[in-house]
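# Coordinates in review
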Amino acid sequence: MTVPLTPDPLTTDARTTDPRTTEPRTTDPRTTRDDALTTPEDLPLVPTDLLPDDLRPGDLLEVEIGAVAHGGHCVARYQGRVIFVRLGLPGELVRVRITEARKGSFCRADVIEVLRADPERVQAPCVHFFPGGCGGCDFQHASGALQRSMKAAVVSEQLQRLAGLDIPVTVQELPGGGFGWRTRVRWALDPEGRIGPRAVRSHRVEGVNPSQPCLIAAPGINELAATADVPSGVRRPASAGTSHRQQSRQLRGRTGRPELPEVVLTAAGDGQRLAIWPDQPGAHAVPTVIEHAVGQDFSVAADGFWQVHPAAADTLAGAVSEALQGLELVGSSSWDLYGGVGLFAEVLAEVVGETGSVVTVEGDRVASGLAVTNLAHRPQVSVVLGSVEKVIDDLPDTVDVVVLDPPRAGAGPALCAQIAARAPALIVYVACDPAALGRDTAALMAAGYRLETLRAFDCFPQTHHIECVARFRPA
Ligand SMILES: C[S@@+](CC[C@H](N)C(=O)[O-])C[C@H]1O[C@@H](n2cnc3c(N)ncnc32)[C@H](O)[C@@H]1O
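Below or above, wherever it landed, is the structure these notes cover. (Residues numbered from 1 in each chain as written. Predicted model: local features only at pLDDT ≥ 70, side-chain atom pairs only at ≥ 80, totals over all residues. Heavy atoms only, no water.)

### Quick notes on the pattern of salt bridges
In the structure shown here, the tally under the stated rule is 23 salt bridges. The shortest N-O distance in the salt bridge between Arg-204 and Glu-206 comes to 2.8 Å. A salt bridge links Glu-452 to Arg-473; the shortest N-O distance between them is 3.8 Å. With Glu-452 in strand β19 (residues 449-458) and Arg-473 in strand β20 (residues 467-474), this residue pair connects regions lying 21 residues apart in the sequence. (Salt bridge = Lys/Arg side-chain N within 4 Å of Asp/Glu carboxyl O. Helix = DSSP H or I, 4+ residues; strand = E, 2+ residues; numbered from the N terminus.)

### Details of the pairing of strand β12 (residues 288-293)
A one-sided burial pattern is seen for β12, the buried positions being Val-289, Glu-291 and Ala-293 and the unburied ones Thr-288, Ile-290 and His-292. Two strands pair when backbone bridges link them, and β12 and strand β13 (residues 296-301) are joined in this way by 6 bridges, in the antiparallel orientation. Each bridged residue has a counterpart across the sheet, and for Ala-293 the counterpart in β13 is Gln-296. (Buried < 20%, exposed > 50% of the residue type's maximum accessible area, 1.4 Å probe, protein only. Pairing = 2+ DSSP bridges.)

### Things to note about helix α5 (residues 312-323)
An ideal rise of 1.5 Å per residue puts 16 Å on 12 residues; α5 measures up with 16 Å between its terminal C-alpha atoms. Listed as buried for α5 are Ala-312, Ala-313, Thr-315, Leu-316, Ala-317, Ala-319, Val-320 and Ala-323. Of the surrounding elements, those touching the buried residues of α5 are β12, α6 (343-352), β17 (401-404), β18 (426-431), β19 and β20. (Expected span 1.5 Å × (residues − 1). Contact = heavy atoms within 4.5 Å.)

### Some points on the site of the ligand
With respect to spatial proximity, 16 residues lie near the ligand, and among them Glu-362, Gly-363, Val-388, Glu-389 and Asp-405 are the closest. At a separation of 3.0 Å, a nitrogen atom of the ligand approaches a polar backbone atom of Tyr-338. Take Val-388: an N or O atom from its main chain is 2.9 Å from a nitrogen atom of the ligand. When the ligand sits alone it has 590 Å² of accessible area, and the protein chains cover 83% of it. Within the residue set of the shell around the ligand, elements represented by two or more residues are α6 and α8 (388-391). Counted by class, the shell around the ligand contains 7 nonpolar, 5 polar and 4 charged residues. (Near = heavy atom within 4 Å. Polar contact = N/O pair within 3.5 Å; in protein donor to acceptor, adjacent residues only side chain to side chain. Areas by Shrake-Rupley, 256 points an atom, 1.4 Å probe, with all protein chains shown as cover. Nonpolar A, V, L, I, M, F, W, Y, C, P; charged D, E, K, R; others polar.)

### Side note on helix α2 (residues 144-163)
Given a rise of 1.5 Å per residue, 20 residues ought to cover 28 Å, and the 28 Å separating the end C-alpha atoms of α2 matches this to within 8%. Listed as buried for α2 are Leu-146, Gln-147, Arg-148, Met-150, Lys-151, Ala-152, Val-154, Val-155, Gln-158, Leu-159 and Ala-163. Next to the buried residues of α2 lie β2 (60-69), β7 (171-173), α10 (434-446), β19 and β20. In the segment just after α2, Gly-164 is the residue with positive phi, at about 70 degrees.

### Focus on the packing of aromatic side chains
Inspection of every chain in the model, using the stated rule, returns 3 aromatic pairs. Considering the side-chain rings of Trp-181 and Phe-460, the 6.1 Å spacing of their centres and the 75 degrees angle between planes classify their relative orientation as edge-to-face. With Trp-181 in the loop between β7 and β8 (184-189) and Phe-460 in the loop between β19 and β20, this residue pair connects regions lying 279 residues apart in the sequence. An identical accessibility class is assigned to Trp-181 and Phe-460; each is buried. For the pair Phe-298 and Trp-306, a centre-to-centre distance of 5.4 Å together with 40 degrees between the ring planes defines the contact as tilted. In this structure Phe-298 comes out as buried when scored by relative accessible area, which is 0%. (Phe/Tyr/Trp six-rings, centres within 6.5 Å; stacked < 30°, edge-to-face > 60°.)

Given below as structure tokens:
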């Protein structure tokens, strides 16, 4: 039995019709693919004589999919050559199309037909989820349970490979279901005026609107994308009618890559629905919204950092609070590094009490200012504006507890060593990237700490992203 991918990019219906609206999808980029075929049976036969070094974009292969890897893909091998395959599941036999072939290195490919499916494969419900489609979701073709077990495997593998640890990992589901959870998105505006996420490994915009919605977006976000006015100051990308030279000049920034204006769309906990254009020139105050967590309100910039899943802030704060248990911390000194608007500083303030102290460090001026307001009722908290790497030298020589929640790149070995040198009794590391967690775990272990507990949460269903909370104690 063969299972075509759904929405099937290779059938007439899926190429021309939105499965949920029956509207013709005349602007669907899939209709213009030169390799568009009518049924899976029309697929060209897979040649068996391709040498691995000869693989080129567009080549078709049959492969058996191996383990899931970090980044939203699985690993397959073709005569020894590694292929990172999107839209497949471990153990499946699939037909793939090569999308990228680096000379002397790995290839990338998309599954275009499933010849032997995993029983946990499901029909992806989103019209934007197809080979070469939206880059926002990676796992819509897997059941929620399988998504979580794949993410657990990735966290385990990263800790094994980067820190030498064998730790069983379970990924916990958040309440609310797998769709409609993303309360903040940063999407691009394309020359045709469409707003949406970028296609996978591409600058093409998957335009979304209420009839062809992004299904992980929270209620209101798709409507905002369809109706947001582009402020006059925002430099619109050149339209299709403009000369190629003009388009290149307008769209290519210093990096040489196309630069499209971006918009942050927010569906805030207080009910506000806002579109913020960070590229808008001139001074303009970004509005704030109110988010609620740990029993209190937090002011957050509408385009600033806040956990995007409605249940994530409380879930992670609960996990941090749990990781702080077991030691007598009342009266202790603590740091909240990469503190944002003060979520974990609030948790620490509760734990150390008024006789303790919390220093929260945040590099973003607006977030830091809002942290001052949000934590004004906690006299034991001081807010420091600055980059953690720079201000750490100015912090006290010893500290009892450190919570850190770095961005995706992680804290890095130098900062981990600097934290360990202050000999805290407890380090709680909140990680949004398992590879960074693996590297920083290795650095903390080298500096005399051991990973004591690890919890993992599916804060980003349908994507490969995951949040972990790790507790470290002196070895
Ligand atoms: C993952 S967010 C965590 C925010 C906060 N802990 C929360 O849960 O809401 C990371 C934060 O670190 C800040 N940041 C990034 N790099 C930084 C640096 N080098 N020094 C200080 N803050 C930084 C970002 O502005 C962002 O607010």
